[in-house]
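So the chains spell out like this:
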Amino acid sequence: MKKRLALLACIAATAAAMASAGPASASTRTHDYDVLADGLVSPLHVTAGAGKSVLVSQDFAGKLTRISKDGSAKDLATGTPQGWEVAGSDSRGSTTYYLESVGAGQGDPAALHGYLKSIDAKGDVDTIANFADYERRHNPDGSQHYGFGRDVSDQCLAGWPAFPPAKYTGMVDSHPYALAVKDDTAYVADAGMNAILKVNLENGDIDTVAVLPPRPATVPAGLKIPVDMQGNTMTVPDCVVGHKYAFEPVPTDVVIGPDGMLYVTSLPGGPEGPELGARGAIFKINPWNGDTDLWADHILSPTGLAVSGNGDVYVASLFGGEILKFTCEGSRSQFLAVNMPADVDISGNTLYATADALGDPSQPPSGKVIKADLH
């Protein structure tokens, strides 16, 4: 089973139990930000819309919701059939584009479904592109090598569990997760393919812009790794200590900067914690030739970003409990402390973000959309 969005998928099943709940408006003021709406289920994506409205994806509830400037809410689209995830969205004129998927990470290529869809001002929905079919045909990261290299012997790896694999190449998996639209092109971060794609909005053709490079980490002594989806772990064998394991990069957002380049946040594909440290990253990708550069790293669980008109980059650190600011020169500071921010977007001098994105499943939904002044 392919390891993708591990930090998020662990709570997907319990969050789905709250899928019937809906958003409520709010107008409280908390320190440096206003709460625009609360009562949301897993608000993992936010996009600034027209008239100071925002689009928010309640991912595990399978809803794309428009929040007006007064906090009122209207669901624009729902996952079809029930149980499907609605992920990133963007708008062009009166048309809203969004991503929908099911089956990612379950190990069955035939069960994958992932689409780019559009909804017009009349509410009519069209399917534009099929990412699962593209993945089954092309598997963009199929030549990427993950896991240990040749410096680790087969004898050593005889004691390694089946999951995560000791050595493997990119598997067939697709999870279209984040979206940015410009002119007649949609750029998509697919967290299953580990790739950035582009879609021709006129005919639905899909092409690979770039495959993110593996994220190797040196294995420390005493590292515990999961061996199944029930939370069981084992301590790594001594013979792998000091060797590098190449984890899969997991793209979580894609944004078009004022320089025309693509900025992409990525989870490291493995544990982030005291053992291996904060290993999330931002990549900068040339959309014309696919050249990919590591722009910033050592970020804890970066799951969304936005780029201002002057080139400053704002990043949601989900489990870091903060929104970070990187200047165009790369200097780093905390912009806002907020619990579990999942995504950010900018409109004018206002930053919108989601907060409390992964709530306690035993409590009522508590996800929020917040806004803060950039200056």
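**Things to note about the sheet that holds strand β6 (residues 63-67)**
Then step 1. Ordered in space as β4-β5-β6-β7, the 4 strands form an open sheet in which the pairing is antiparallel. The open sheet has two edge strands, β4 (43-48) and β7 (73-78), and neither has a second partner. Across the sheet, the mean angle from the axis of one strand to that of its neighbour is 25°, orientation sign disregarded.
Then step 2. As paired elements, β6 and β7 share 5 bridges and run antiparallel to each other. Looking across to β7, one finds that T65 is bridged to D75.

**A look at the packing of aromatic side chains**
Each aromatic ring pair is summarised here by two numbers: the centre-to-centre distance and the angle between the ring planes.
Then step 1. For the coordinates displayed, the defined rule picks out 9 aromatic pairs.
Then step 2. With centroids separated by 6.0 Å and ring planes inclined at 0°, the aromatic side chains of W84 and Y115 adopt a geometry described as stacked. Taken together, the residues W84 in the loop between β7 and β8 (85-92) and Y115 in strand β10 (residues 113-119) connect sequence positions 31 residues apart.
Then step 3. Among the residues examined, Y115 registers a relative accessible area of 17% and is labelled buried.
Then step 4. Consider the rings of Y245 and F247, whose centres lie 4.7 Å apart with planes at 50°: the pair is tilted.

**Overview of the pattern of salt bridges**
Side chains that differ in charge, positive against negative, can pair when their charged atoms come close.
Then step 1. Scanning the model with the defined rule gives 8 salt bridges in all.
Then step 2. Among the salt bridges present, the one from K63 reaches D75, with a minimum N-O distance of 4.0 Å. Placement of K63 in strand β6 and of D75 in strand β7 is noted, with a sequence separation of 12 residues between them.
Then step 3. Residue D75 is classed as partly exposed on the basis of its relative accessible area, which comes to 36%.
Then step 4. In this structure, D312 and K325 form a salt bridge, with 3.7 Å as the shortest nitrogen-oxygen distance. Here D312 is found in the loop between β26 (302-307) and β27 (313-317), whereas its partner K325 is found in strand β28 (residues 322-326), with 13 residues between them in sequence.
Then step 5. We classify D312 as buried; its relative accessible area is 9%.
Then step 6. Judged by relative accessible area, K325 falls into the partly exposed class, the value being 24%.

**Considering the layout of surface pockets**
Then step 1. Its boundaries defined by the atoms lining it, the second largest pocket holds a volume of some 350 Å³.
Then step 2. Forming the walls of the second largest pocket are 25 residues, and the residues nearest its centre are D90, A180, V254, V255 and D345.
Then step 3. Element by element, the count of residues in the lining of the second largest pocket is highest for strand β14 (residues 176-182), at 5 residues.
Then step 4. Taken together, the residues of the lining of the second largest pocket break down into 14 nonpolar, 6 polar and 5 charged.

**Observations regarding the confidence of the model for the chain**
Then step 1. For the chain, per-residue confidence averages 89 on the pLDDT scale, and 92% of positions sit at 70 or higher.
Then step 2. Across residues 1-29, confidence stays below pLDDT 50; counting only partners more than four residues off in sequence or on other chains, it has 84 contacts.

**Concerning the sheet that holds strand β11 (residues 125-130)**
Then step 1. Strand order in the open sheet made by the 4 strands is β8-β9-β10-β11, with antiparallel pairing throughout. Lying at the two open borders of the sheet, with one neighbouring strand each, are β8 and β11. With strand direction ignored, the average angle separating the axes of adjacent strands in the sheet is 25°.
Then step 2. Relative to strand β9 (residues 95-102), β8 is paired through 6 bridges, and the arrangement is antiparallel. Residue pairing across strands places S89 opposite Y98, the latter belonging to β9.

**Quick look at the state of the cysteines**
Then step 1. Throughout the structure, instances matching the rule amount to 1 disulfide.
Then step 2. C156 shares a disulfide with C239; S-S distance 2.0 Å. On the S-S bond that ties C156 to C239, the torsion sits near 85°, and the link is right-handed. In this pair, C156 is assigned in helix α4 (residues 154-157) and C239 in the loop between β20 (233-235) and β21 (244-247), connecting sequence segments 83 residues apart.
Then step 3. According to the relative accessible area criterion, C239 is partly exposed, its value standing at 39%.

**A look at helix α3 (residues 131-138)**
Then step 1. The complete set of buried residues in α3 reads F131, A132, Y134 and E135. One side of α3 holds all its buried residues, which, seen down the axis, span an arc of 160°.
Then step 2. Residue N130 occupies the N-cap position of α3, its side-chain oxygen lying 3.2 Å from the main-chain nitrogen of A132.
Then step 3. After α3 finishes, the residue N139 shows a positive phi value of roughly 40°.

What counts and how
Residues numbered from 1 in each chain as written. Predicted model: local features only at pLDDT ≥ 70, side-chain atom pairs only at ≥ 80, totals over all residues. Heavy atoms only, no water. Pairing = 2+ DSSP bridges. Helix = DSSP H or I, 4+ residues; strand = E, 2+ residues; numbered from the N terminus. Axes fitted to C-alpha atoms, helices over the stretch in contact; angles between N-to-C directions. Phe/Tyr/Trp six-rings, centres within 6.5 Å; stacked < 30°, edge-to-face > 60°. Buried < 20%, exposed > 50% of the residue type's maximum accessible area, 1.4 Å probe, protein only. Salt bridge = Lys/Arg side-chain N within 4 Å of Asp/Glu carboxyl O. 1 Å grid on protein atoms, 1.4 Å probe; cavity = no way out; pocket = protein on both sides within 12 Å on 5 of 7 lines; lining within 4 Å. Points joined across faces, edges and corners; volume = space filled by probe spheres on them. Nonpolar A, V, L, I, M, F, W, Y, C, P; charged D, E, K, R; others polar. pLDDT = per-residue confidence, 0-100. Contact = heavy atoms within 4.5 Å. Disulfide = S-S within 2.5 Å. Arc of directions from axis to C-beta. Polar contact = N/O pair within 3.5 Å; in protein donor to acceptor, adjacent residues only side chain to side chain.

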